Amino acid sequence: MSVATTVGRPQVDSTTSRSEATPVLDPESREWLRSLRSHGREHDEAVERLHSLLLRAARYECARRRPALPHLRGNDLDDIANQAADDALVSILARLDSFRGASRFTTWAYKFALLEAAVKLRRRAWQSREVPLEPETWSLFASAGIKPDQSAEQSELLDTLQGAIADVLSPHQRRVLVALALNGVPIDVLAERLNTTRGALYKTLHDARRKLRSHLEEQGLSLETLEETK
Amino acid sequence: MTERPDLKQALGRLLGPAGPEVGCDECFEQLDRYVELELAGADADAAIPGLRAHLVGCPACREEHESLRALVGGEQAL
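For the structure given in this document, a descriptive report is provided here.

What counts and how
Residues numbered from 1 in each chain as written. Chains lettered and ligands numbered in written order. Predicted model: local features only at pLDDT ≥ 70, side-chain atom pairs only at ≥ 80, totals over all residues. Heavy atoms only, no water. Helix = DSSP H or I, 4+ residues; strand = E, 2+ residues; numbered from the N terminus. Buried < 20%, exposed > 50% of the residue type's maximum accessible area, 1.4 Å probe, protein only. Contact = heavy atoms within 4.5 Å. Areas by Shrake-Rupley, 256 points an atom, 1.4 Å probe, with all protein chains shown as cover. Lys, Arg positive; Asp, Glu negative; His and termini not counted. Charge placed at Lys NZ, Arg CZ, Asp CG, Glu CD. Axes fitted to C-alpha atoms, helices over the stretch in contact; angles between N-to-C directions. Parallel < 35°, antiparallel > 145°, perpendicular 65-115°, else oblique. Left-handed = near helix turned anticlockwise from the far one by under 90°. Nonpolar A, V, L, I, M, F, W, Y, C, P; charged D, E, K, R; others polar. Core = buried A, V, L, I, M, F, W, Y, C linked by side-chain atoms within 4.5 Å. Phe/Tyr/Trp six-rings, centres within 6.5 Å; stacked < 30°, edge-to-face > 60°. 1 Å grid on protein atoms, 1.4 Å probe; cavity = no way out; pocket = protein on both sides within 12 Å on 5 of 7 lines; lining within 4 Å. Points joined across faces, edges and corners; volume = space filled by probe spheres on them.

Scanning chain B from N- to C-terminus turns up five helices and zero strands. Taken from the N to the C terminus, the helices and strands of chain B come in the order α-α-α-α-α. Along the first, second and third principal axes, the C-alpha atoms of chain B reach 45 × 25 × 20 Å. Evaluated residue by residue, chain B yields a buried proportion of 54% over its 78 residues. Considering only residue pairs separated by 6 or more positions, chain B has 59% of its internal contacts joining residues 24 or more positions apart. Accessible surface computed for chain B: about 3200 Å², of which carbon and sulfur atoms make up 54%. Across chain B, the mean location of the 7 positive side-chain charges is 9 Å away from that of the 15 negative side-chain charges.

This is the structure we're talking about:
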């Protein structure tokens, strides 16, 4: 299954209402849609062109990330790029009717290939790594290299924050926050390990962050307050 | 007093963006339009509120935004 079909609906406070008129399609985008909706040879050729476009985007993403993935060989990266292009193609063909022309068709298509490639690369990078899920509360910040300077404000903020992580968050929120925000586990890797989606995990992270911010504000502390005291 | 950059970044990762933000799905939905607005020099943040904040709070979506912007921007520059 492609990544794009497994991302849950956003639950965070998206307060935006969008009522723009449907944009007029540019000629190139219109031609992409027409040929992809055609039949026979014309359709097959359009699908082939689209796959080539997606493969180019996926290879671009692999090349961008290659320095961070020294253990992957060129063949591995090309396999990942091809899988990403294949999965992106399936997603795009299934969602063709949802393209409204808010961008050019090629820009819209690229994002599917980049997403598929990025997720595959993140998962490959963590393939044999253990995902730390159970935080040791008392050493949370020390293990993540977070230490206050001499300032009383920083020490108080960190103490309060550490207490809030332990006491205010639910066990699931704590586990997700610590993995994503402290231990640097990529959200797609954690989603795979917990059998959930990026969207669902981000909602949990968002709710945890909101709880922590509220708690700090109740205590008269916040990141912004700390910055103002510099 | 000078705040250590790593501490500030770590607190930013823990507490996330302060303002309203869209979720990952909405970000993906709007990303192509957002990038084209940015590359056209338009006010993408005004057109799609909450997306910039999400990019600050979500490293994965931020990386994909950077890639799409670089890819499309590079093509436009040719």
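That shown, we press on.
It is worth spelling out the packing of helix α4 (residues 105–125) of chain A against helix α2 (residues 24–39) of chain B at this point. Viewed as axis vectors pointing N to C, α4 of chain A and α2 of chain B meet at an angle of 125°, and their least axial separation amounts to 9 Å. It follows that α4 of chain A is oblique to α2 of chain B by the angle criterion. Here α4 of chain A runs over α2 of chain B; the crossing is right-handed. On α2 of chain B, the residues that touch T107, W108, K111, F112 and L115 of chain A of α4 of chain A are F28, E29, Q30, D32 and E36 of chain B. Grouping the amino acids of the contact of α4 of chain A with α2 of chain B by side-chain chemistry returns four nonpolar, two polar and four charged.

If you look at the biggest cluster of nonpolar residues, it comprises 83 residues, and the most contacted ones within it are L50, L54, I92, F105 and L177 of chain A. The biggest single contributor to this core is α4 of chain A, with 11 residues. If we ignore the near neighbours within four places in the chain, the residues touching L177 of chain A are I165, L169, L182, L205, A208, R209 and L212 of chain A together with L14 of chain B.

Attention now goes to the packing of aromatic side chains. Centre distance and the angle of the planes are the two values used to describe a pair of aromatic rings. One pass over the structure, following the stated rule, counts six aromatic pairs over all chains. A centroid spacing of 5.4 Å and a plane angle of 25° characterise the contact between W32 of chain A and F105 of chain A, whose relative ring orientation is stacked. Taken as a pair, W32 of chain A in helix α1 (residues 27–36) and F105 of chain A in helix α4 lie far apart in primary sequence, 73 residues in all. Residue W32 of chain A is classed as buried on the basis of its relative accessible area, which comes to 11%. Judged by centre distance (5.0 Å) and plane angle (90°), the rings of F112 of chain A and F28 of chain B are edge-to-face. Separated into two different chains, F112 of chain A in helix α4 and F28 of chain B in helix α2 make up a pair that spans both. When its relative accessible area of 2% is taken as the criterion, F112 of chain A is described as buried. Among the aromatic residues, those joined into a cluster by ring pairs are W32, F99, F105, W108 and F112 of chain A together with F28 of chain B.

Further remarks concern empty space enclosed by the protein. One pass over the full model with this rule turns up two cavities of 30 Å³ or more. R198 of chain A together with C24, F28, C61 and E64 of chain B are the residues nearest the centre of the largest cavity, which is lined by 10 residues in total. A total of five residues in the lining of the largest cavity trace back to one element, the largest contributor, which is α2 of chain B. Broken down by class, the residue content of the lining of the largest cavity amounts to seven nonpolar, no polar and three charged. The calculated volume of the second largest cavity comes to roughly 40 Å³. For the second largest cavity, the full set of lining residues is K111, L114 and L115 of chain A together with F28, L31, E64 and L68 of chain B. Sort the elements by how many residues they give to the lining of the second largest cavity and α4 of chain A lands first, with three residues. Residues that form the lining of the second largest cavity fall into these classes: five nonpolar, no polar and two charged.

Before going further, it helps to examine the environment of G199 of chain A. Here G199 of chain A shows up in helix α9 (residues 198–218). Residue G199 of chain A is classed as buried on the basis of its relative accessible area, which comes to 3%.

Purely geometric numbers; function is a separate question.
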